[in-house]
Amino acid sequence: MSNQMRPTPRSVSIAFAAAVAANFAALGLGRGQPPPAWVPYAPLLPCAVLLTGLCLFALPSAARRRSAPRGQTGGAQAGALGGARPSPHGRPVR
């Protein structure tokens, strides 16, 4: 299934780029007339699909970051927030 899903973002990106290019071509070749009503809205669907895919890609890492115990998400952040950091001897250092 992963092999079938991998080309999807690439093809949606190509569709988005083609829709944007068609939009500019319609505006440039219109000779003073507005393009058909669907042309300016054509890039919105591929753009929404790409953004949804980006959000779905980021959700697992965001969930892992939220569920991690405090102090394990970033080394410098724990000290900056006032939390106790571990010492090499196993005792917390303030």
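What counts, and where the lines are drawn
- Residues numbered from 1 in each chain as written.
- Predicted model: local features only at pLDDT ≥ 70, side-chain atom pairs only at ≥ 80, totals over all residues.
- Heavy atoms only, no water.
- Helix = DSSP H or I, 4+ residues; strand = E, 2+ residues; numbered from the N terminus.
- Buried < 20%, exposed > 50% of the residue type's maximum accessible area, 1.4 Å probe, protein only.
- Contact = heavy atoms within 4.5 Å.
- Areas by Shrake-Rupley, 256 points an atom, 1.4 Å probe, with all protein chains shown as cover.
- pLDDT = per-residue confidence, 0-100.
- Expected span 1.5 Å × (residues − 1).
- Arc of directions from axis to C-beta.
- Patch = residues over 30% accessible without salt bridge, like charges linked within 9 Å, V, L, I, M, F, W, Y side chains within 5 Å.
- Salt bridge = Lys/Arg side-chain N within 4 Å of Asp/Glu carboxyl O.

A. Region of interest: the overall build of the protein chain. Secondary structure assignment for the protein chain yields 4 helices and 2 strands. Here the protein chain, with 94 residues, has 11% of them falling under the buried criterion. Of all intrachain contacts in the protein chain linking residues separated by at least 6 positions in sequence, the fraction that spans at least 24 positions is 37%. Just so you have it, the protein chain exposes about 8000 Å², and 65% of that area is on carbon and sulfur atoms.

B. Spatial organisation of the confidence of the model for the protein chain. Across the protein chain, the average pLDDT comes to 74, with 64% of residues at or above 70. The least confident element of the protein chain is helix α4 (residues 75-80), whose mean pLDDT is 48; the most confident is helix α2 (residues 7-28), at 87.

C. Expanded view of α2. End to end, α2 covers 32 Å across 22 residues, agreeing with the expected 32 Å (1.5 Å per residue, within 8%). All of the buried residues along α2 are V12, A19 and N23. Projection of α2 onto a plane perpendicular to its axis shows the buried side chains occupying an angular sector of 40 degrees, all on one side. Residues of α2 that are exposed and point over 90 degrees away from its buried face: R10, I14, F24 and G28.

D. Representation of a nonpolar patch on the surface. Together, L51, L54 and F57 line one region of the surface with nonpolar side chains, adding up to about 370 Å² of accessible area. By the element assignment, L51 lies in helix α3 (residues 44-67).

E. Structural context of unusual backbone geometry. Despite not being glycine, R31 shows a phi value in the positive range, around 55 degrees. Position of R31 relative to the elements: it lies in the loop between α2 and α3.

F. Structural detail: the environment of P9. Among the secondary structure elements, P9 is positioned in helix α2. For the pair formed by P9 and V49, sequence separation is 40 residues and the distance between their alpha carbons is 8.6 Å.

G. The side chain of N23, seen in detail. Along the chain, the position of N23 falls in helix α2. Judged by relative accessible area, which is 16%, N23 ranks as buried.

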